[in-house]
Amino acid sequence: MASSIRVRATSNGDITEVQALIQHPMDTGLAKNPAGELIPAHYIQQLKFECNGKDVFVADWGTAVSKDPYVKFSFKGAKKGDDLKISWTDNKGASDTTTAKIA
């Protein structure tokens, strides 16, 4: 199965810029299906980015994040060719992990 995470990480000097798109329904538990029944909550609880064994971005999320979230941030301390590991875990126990090379 293909990863639910698409990521691009580019280094410019000592700053690395990361852009990630995660495919996930991010259901709040408040919406109803066409039959009028509540759709159970299904959302990412934790998103983590690691570079060289060190956490560079950790987010604890809830139901207020939209479907297919997009994340963009910058950090220092990486160089071209380093691995950036991205992982998430949701409230139903599902998870995904991918690794990208910093360009």
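- The chain is annotated in an unreviewed UniProt entry as SoxZ from Bradyrhizobium nitroreducens.

1. Re the sheet that holds strand E2 (residues 15-22)
Here's step 1: Reading across the sheet, the 3 strands line up as E1-E2-E5 and stay open at both edges, with antiparallel pairing between neighbours. The open sheet terminates on both sides in strands that have one partner only, identified here as strand E1 (5-12) and strand E5 (70-76). Averaged over all adjacent pairs, the angle separating strand axes in this sheet is 15 degrees, with direction ignored.
Here's step 2: Pairing of E1 with E2 involves 8 bridges; the strand directions are antiparallel.

2. Topic: the UniProt feature "domain: Sulphur oxidation protein SoxZ" (unreviewed entry) in the chain
Here's step 1: Using the residue numbers shown here, the UniProt feature "domain: Sulphur oxidation protein SoxZ" (unreviewed entry) corresponds to residues 6-100.
Here's step 2: A distance of 9 Å separates the end C-alpha atoms of residues 6-100, which is 0% helix and 54% strand.

3. Some remarks on the environment of Met26
Here's step 1: Tracing the sequence through the fold places Met26 in the loop between E2 and strand E3 (44-51).
Here's step 2: By relative accessible area, Met26 is classed as buried at 5%.
Here's step 3: Between the C-alpha atoms of Met26 and Val65, which are 39 residues apart in sequence, the distance is 6.8 Å.
Here's step 4: Beyond its immediate chain neighbours, meaning those up to four positions away, Met26 contacts His42, Tyr43, Ile44, Trp61, Gly62, Val65, Ser66, Lys67, Asp68 and Pro69.

Rules of the game
- Residues numbered from 1 in each chain as written.
- Predicted model: local features only at pLDDT ≥ 70, side-chain atom pairs only at ≥ 80, totals over all residues.
- Heavy atoms only, no water.
- Pairing = 2+ DSSP bridges.
- Helix = DSSP H or I, 4+ residues; strand = E, 2+ residues; numbered from the N terminus.
- Axes fitted to C-alpha atoms, helices over the stretch in contact; angles between N-to-C directions.
- UniProt positions renumbered as here; feature names shortened; annotations may be inferred.
- Buried < 20%, exposed > 50% of the residue type's maximum accessible area, 1.4 Å probe, protein only.
- Contact = heavy atoms within 4.5 Å.

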